[in-house]
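The lines below spell out each chain.
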There are 2 protein chains.
Amino acid sequence: MTATVEAHLAAHAAESLRELEAFCAIASVSTDPAYKAGIREAAEFVADALRRSGLPTVELIETAGHPGVFAQGPEIAGAPTVLVYGHYDVQPPDPLDKWQTPPFEPTVREDRLYARGVSDDKGPLLIPILVARAYRDCRKDLPVNLKFLIEGEEETGSPHFESMVAANAERFGCDLVISADGAMWRPDLPSVTVAGRGLVALDVILHGAAKDLHSGRHGGSAPNAVRALIGMLATLHDDDGNVLVEGFADDALPPDPAVVKAIQGLGFDTGRYFEEIGAPAPEPMPGGEDLLTRQWLIPTLELNGVTGGYSGHGTKTVIPATASAKITCRLVRGQDPDRVFDSIVAHLERVKPSGYRLDFVDHRPGTSAFSIDPDLPALAIVQDVLQDLLGARPIRVAMGATIPIGSVFEKHLEVGTVFFSFSTSDEDYHAPNEFLRLSNFRLGMTAWVRLLERLGGR
Amino acid sequence: MTATVEAHLAAHAAESLRELEAFCAIASVSTDPAYKAGIREAAEFVADALRRSGLPTVELIETAGHPGVFAQGPEIAGAPTVLVYGHYDVQPPDPLDKWQTPPFEPTVREDRLYARGVSDDKGPLLIPILVARAYRDCRKDLPVNLKFLIEGEEETGSPHFESMVAANAERFGCDLVISADGAMWRPDLPSVTVAGRGLVALDVILHGAAKDLHSGRHGGSAPNAVRALIGMLATLHDDDGNVLVEGFADDALPPDPAVVKAIQGLGFDTGRYFEEIGAPAPEPMPGGEDLLTRQWLIPTLELNGVTGGYSGHGTKTVIPATASAKITCRLVRGQDPDRVFDSIVAHLERVKPSGYRLDFVDHRPGTSAFSIDPDLPALAIVQDVLQDLLGARPIRVAMGATIPIGSVFEKHLEVGTVFFSFSTSDEDYHAPNEFLRLSNFRLGMTAWVRLLERLGGR
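Per an unreviewed UniProt entry, chain A goes by the name Acetylornithine deacetylase/Succinyl-diaminopimelate desuccinylase and belongs to Consotaella salsifontis.

Here it is, written out as structure tokens:
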């Protein structure tokens, strides 16, 4: 039975690719209102794809932001209920000039599909939709009661996701959530993710004079917002990149000993890491355990961008009136996003020099860190299915990134979430030239069939 | 005789305004290659205006950059030769969204003409061209042998100006240069400028990883070019804005005692200054002498702009691969632009953390500071003409800004330069909504007639 569905999917691989290309041609950038039409179009695309996969109930759930797409399959008596999570929104495509082919013109090169959002998360979420369609096309019953919840605000920190889940807890009710989002750690090492960092974000805007001033007339006497903001931001870290903000990490709990142990066993090669990201090797070279601990288990305060004054061609002798920076923090277990936010605001207000006005843009709500119950039976099933397909037992890893959904589902549906995604974390999903390995897109089809079969007890 | 010319100019004020509007409609931005066509058009406009003013010799002088416009009037036997300097290029117009009316659609509001370049320097340089035309129209001989040299690279630091003057020293030869560029210090206080600061400029570009990285996966381990550059730039100044770069001011000479004395007598109102520029009042409020000394007599290192990572709407969780800053320095007497440049490069290379690559964009040649011989007879004549017209004796002031031409003319033509401009330094000439007071445009016509008459010994 499984073999039939798997064979059907293999026979229709070209069609699946065309559907993925059509999905990726939609510019569904959630962080920028200019792309509003693309968001709506992508939500409709997902709803239509689910309908074509034979799910009897498909609907858009409106929120104060972008809509979610909910679908429910036919009732399979006696089978468990599985809710598949994914997101149809994507990161902004800029800097556009760094793309080899345009971000919303999907292009295959060397068995990879290049497009914004293809790896995060359009490819991975399309897999279970196509798997459901294969069962329908083969006139086979699905092994489980299948539900889908595909949101459109993941890349903006899912601001309306929790309220949507809370308001629809009964309809969304299930025995398990499987997230099609959350990349595998490394392409050459099967892994399952059991923990993620939280997130909180803010913008800082500093104002000096009412307008940009001529640096000849005013240089030396007028406030320079770029100079002042830079001085303020430079106090956030020490020379080694440790966060110096008072109260920032006060509530951080010690890391999960299992993950600490995993890090020790991984033999992470830092020289190779810096080669892979194309950065000059630092001196002294940090150790592998230290670097991985910083990636997975230490909270961060990152400057994601800074801007102020003139940045065009040539020179412009202005004293900038305004300068701003974007900050995001990755949080570990125990840290409260609101308290972290407050600690940064208080720090910057304290170090602000006289003669300037300081504003913040609040991108909350933030997200707490998340970890999965290590004894969840579905976790072992996921490891079994991947081991069968890949020949090696997947290791359990933490991730530095944030998937807010885990804690939301735990709180409102009282179920665990396992991550089952076929993107890998080297696929440039927040950078130019995002791609998805098409071998993983095909592998994922087989893996989802086998996972659903195992969860259905077949 | 003077009265006739002055009356003619007054009667043709509307025509003069139309000609200024047409001139300002040309987007002659010299700092950005995208405006190349506007540069050529403005040069042709100036040449045409000079021809219509009856100057028998008018020609474009090509350089490796933008052309200069040279013109020579009819020979007036026995009269001195005066070379008028100005520039037809303008600053970039951005940020465009801050303009009340578009920068290249000149608009009159409340007897001010708003347009990019109207104050710096299109209005002031058009005045002597229109004055020459009035003499021609009235069939009066000019009081002096009049030459014009109007360049197109002032806003980029006049990189080809010196070689142009050196190559044409004989043709440009004169007894005196009068600069139509160089704004009056304050609208309510007649002044003549006797000194200006020099200038040197560079861009700093810092590279970390080969591309922007996801802050979830890489946050804590990957180099963040924005954080590192900010840390480096923050070491350039102390908390009071004093430059900390080793060797930066080693060659600075003590200021001209006459200017120091002028500062002490001015009673500069710092509270009013911060009000005028729309900045929050600093605490403690600096004294007037201190602030003016910083504007006129202390070298600066200004951050004109900084950029890196994401600065669009919302959040983007990237670790920026690249960050850059634009720096210009205002120099005082004695400082060598090359040595200042080298000191900044050496400082930044020394504080660059490991794991990054540092690049510079060299905007040299720079310009040394400049000061006029206080005993130049023309300086007293300028003061006399202004006193007659304005009722008060103009004070002699320094300026923080840079006019590279003074030292060039002194070196290659062996003549002094006096500044005779009818813009004032509050006219937002490097900011949005640049304007020129039309009352000064009209006053300037009368003043130039009287100055030429006095210089001609009439």
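Right, picking up where we left off after that structure.
When you go through chain A residue by residue, the secondary structure sums to 15 helices and 18 strands. Its C-alpha radius of gyration of 23 Å places chain A within 12% of the 23 Å reference for a compact globule of 458 residues. Counting only C-alpha atoms, chain A reaches 80 × 45 × 45 Å along its principal axes. Residue burial in chain A is summarised as follows: out of 458 residues, 59% are buried. For chain A, the accessible surface area stands at approximately 16,700 Å², while carbon and sulfur atoms represent 49% of it. Side-chain charges of chain A comprise 41 positive and 63 negative groups, with the mean position of each set lying 3 Å from the other.

All names here are of chain B. Under the definition given, this model contains 48 salt bridges over all chains. Between E6 and R450 there is a salt bridge, and its shortest N-O distance comes to 3.0 Å. With E6 in helix α1 (residues 2–11) and R450 in helix α15 (residues 438–455), this residue pair connects regions lying 444 residues apart in the sequence. Judged by its relative accessible area of 15%, E6 is buried. Here E19 makes a salt bridge to R52, at a shortest N to O gap of 2.9 Å. Of the two residues, E19 sits in helix α2 (residues 13–24) while R52 sits in helix α3 (residues 36–52), which places them 33 residues apart along the sequence. For E19, a relative accessible area of 10% gives the class buried. On the basis of relative accessible area, R52 is assigned to the partly exposed category, the value being 34%.

Aromatic rings in a pair are described by how distant their centres are and how their planes are angled relative to each other. Residues and elements named next belong to chain B. A complete count under the given rule lists 24 aromatic pairs over all chains for this structure. Residues F268 and Y273 carry aromatic rings whose centres are separated by 5.7 Å and whose planes lie at 50 degrees to one another, so their mutual orientation is tilted. Across this residue pair, the class does not change: F268 and Y273 are buried. An angle of 75 degrees between the planes, with centres 5.4 Å apart, marks the rings of F420 and W448 as edge-to-face. One end of the pair, F420, is in the loop between β17 (417–419) and β18 (435–437); the other, W448, is in helix α15, with 28 residues separating them in the sequence. Residue class for F420 comes out buried when judged on its relative accessible area of 2%.

The sites that UniProt annotates as "domain: Peptidase M20 dimerisation" (unreviewed entry) are residues 205–353 of chain A. Secondary structure content for residues 205–353 of chain A is 37% helix and 18% strand, and the end C-alpha separation is 14 Å.

As a further point, take the environment of V408 of chain B. All names here are of chain B. Looking at the element boundaries, V408 is found in helix α14 (residues 405–412). According to the relative accessible area criterion, V408 is buried, its value standing at 8%. Other than its neighbours up to four places away in sequence, V408 contacts F161, E162, V165 and L413.

Residue and element names in this part refer to chain B. Sheet topology places strand β1 (residues 57–61) next to strand β2 (residues 68–72); five bridges connect them, and they run antiparallel. Bridge assignment links L60 to a residue of β2, and that residue is V69. The turn linking β1 back onto β2 is made up of six residues.

Let us now look at the sheet that holds strand β7 (residues 176–179) of chain B. Residues and elements named next belong to chain B. If you walk across this open sheet you meet the six strands as β1-β2-β6-β3-β7-β17, and the pairing is mixed. Each edge of the sheet is formed by a strand with only one pairing partner; in this case those strands are β1 and β17. Across the sheet, the mean angle from the axis of one strand to that of its neighbour is 20 degrees, orientation sign disregarded. Where α15 meets the sheet, it contacts β3 (81–87), β6 (145–151) and β7, and its direction lies at approximately 170 degrees from that of β7.

Before going further, it helps to spend a moment on the packing of α2 of chain B against α15 of chain B. Packed helix pairs are characterised by how far apart their axes lie and by the angle those axes make with each other. All names here are of chain B. At a minimum axis separation of 11 Å, α2 and α15 run at an interaxial angle of 115 degrees. Here α15 runs roughly perpendicular to α2, going by the angle between their axes. Relative to α15, the crossing made by α2 is right-handed. Side by side, α2 and α15 meet where S16, L17 and L20 of the first sit next to L438, F441 and M445 of the second. Here the residues of the contact of α2 with α15 are counted per class, giving five nonpolar, one polar and no charged.

Attention shifts here to the domain arrangement of chain A. Residue and element names in this part refer to chain A. By domain assignment, chain A separates into domain 1 (2–196 + 369–455) and domain 2 (198–255 + 297–362). The C-alpha-based centres of domain 1 and domain 2 are spaced at 35 Å. At the junction of the two partners, domain 1 supplies six residues and domain 2 supplies six residues. For the pair domain 1 and domain 2, the summed buried surface comes to about 480 Å²; carbon and sulfur atoms form 58% of the total. When the area that domain 1 buries against domain 2 is broken down by residue, the three leading residues are A369, S371 and T402, summing to 71%. Where domain 1 packs against domain 2, one counts zero salt bridges.

All names here are of chain B. Here three strands make up an open sheet; going across it, the order is β15-β8-β16 and the pairing mixed. For this open sheet the edge positions go to β15 (370–371) and β16 (395–399), each flanked by a neighbour on one side alone. Helix α13 (residues 377–390) rests against β8 (191–196) and β16 of the sheet, and its axis sits at about 150 degrees to β8.

All right, on to the relation of the copies chain B and chain A then. For the match of chain B to chain A, the screw axis carries a shift of 0.0 Å, the RMSD comes to 0.1 Å, and the turn is 180 degrees. Expressed as an axis order, the relation between the two copies is that of a two-fold axis. Measuring from the rotation axis to each C-alpha of chain B, the shortest distance belongs to T307 of chain B, at 2.2 Å. Here 100% of the contact residues of chain B are again contact residues in chain A; the copies associate through an equivalent surface.

This paragraph deals with the interface of chain B and chain A. Across the contact, 85 residues belong to chain B and 86 residues belong to chain A. The contact between chain B and chain A buries some 7,200 Å² in all, and 55% of this surface belongs to carbon and sulfur atoms. The closest approach of N and O atoms between K211 of chain B and D428 of chain A, which form a salt bridge, is 2.9 Å. In terms of residue count, the dominant contributor to the side of chain B that touches chain A is strand β11 (residues 300–309) of chain B (nine residues). Grouping the constituent residues of the side of chain B that touches chain A by class yields 32 nonpolar, 35 polar and 18 charged. Bridge count between strand β11 (residues 300–309) of chain A and β11 of chain B: five bridges; the pairing is antiparallel. Note that in β11 of chain B the partner of G308 of chain A across the bridge is V306 of chain B.

All names here are of chain B. Structurally, N145 can be placed in strand β6. Relative accessible area serves as the criterion here: at 13%, N145 is assigned to the buried category. Excluding residues within four positions of it along the chain, N145 makes contact with P74, E75, I76, A79, P80, T81 and V82.

Criteria and cut-off values
Throughout this document, residue positions are counted from 1 along each chain, in the order its sequence is written. Each chain gets a letter, beginning with A, and each ligand a number, beginning with 1, in the order they are written. Local features are withheld for residues below a pLDDT of 70 in this predicted model, meaning they are given only at 70 or higher, and side-chain atom pairs are given and counted only at 80 or more; totals for whole chains, interfaces and linings count all residues. Each side-chain value is derived from all of the structure's non-hydrogen atoms; neither hydrogens nor water enter the calculation. The helix and strand labels rest on DSSP assignments: H or I over at least four residues marks a helix, E over at least two residues marks a strand, and numbering proceeds from the N terminus. Between the two quantities, the radius of gyration covers C-alpha atoms and the globule rule is 2.2 Å times the number of residues to the power 0.38. The buried label goes to any residue with under 20% of its type's maximum accessible area, the exposed label to any with over 50%, and the partly exposed label to all in between, with areas taken from a 1.4 Å probe on protein chains only. Per-residue and other accessible areas were derived by the Shrake-Rupley procedure at a 1.4 Å probe size, with only the shown protein chains allowed to occlude residues. We score Asp and Glu as negative and Lys and Arg as positive, and we do not count His or the chain ends. Where a charge sits is defined by one atom per residue type, namely NZ (Lys), CZ (Arg), CG (Asp) or CD (Glu). A carboxyl oxygen of Asp or Glu within 4 Å of a side-chain nitrogen of Lys or Arg is what we treat as a salt bridge. Paired rings are identified among Phe, Tyr and Trp, the last through its six-membered ring, by centres lying within 6.5 Å, and are further divided according to the angle between planes into stacked (under 30 degrees), edge-to-face (over 60) and tilted (the rest). UniProt positions are given in the numbering used here, feature names are shortened, and annotations may be inferred rather than shown by experiment. Contact criterion: two residues are considered in contact whenever any of their non-hydrogen atoms come within 4.5 Å of each other. Criterion used throughout: strands pair if DSSP finds at least two bridges between them. In this description, a line fitted to the C-alpha atoms serves as the axis of each element, helices being fitted only across the stretch in contact, and the angle between N-to-C directions of two axes falls anywhere from 0 to 180 degrees. An angle counts as roughly parallel when it lies under 35 degrees, as roughly antiparallel when it exceeds 145, as roughly perpendicular when it falls between 65 and 115, and as oblique in every other case. Here a crossing is taken to be left-handed if its near helix is turned anticlockwise relative to the far helix by less than a right angle, and right-handed if that turn runs clockwise. Charged residues are taken to be Asp, Glu, Lys and Arg, nonpolar residues to be Ala, Val, Leu, Ile, Met, Phe, Trp, Tyr, Cys and Pro, and polar residues to be all remaining types, Gly included. In this entry, domain limits derive from an automatic or database-based domain assignment. By definition, the buried area sums, over both parts, the 1.4 Å-probe accessible area that each loses when the two are put together. Superposing the copies works by least squares over the C-alpha atoms of residues that have pLDDT at least 70 in both of them.

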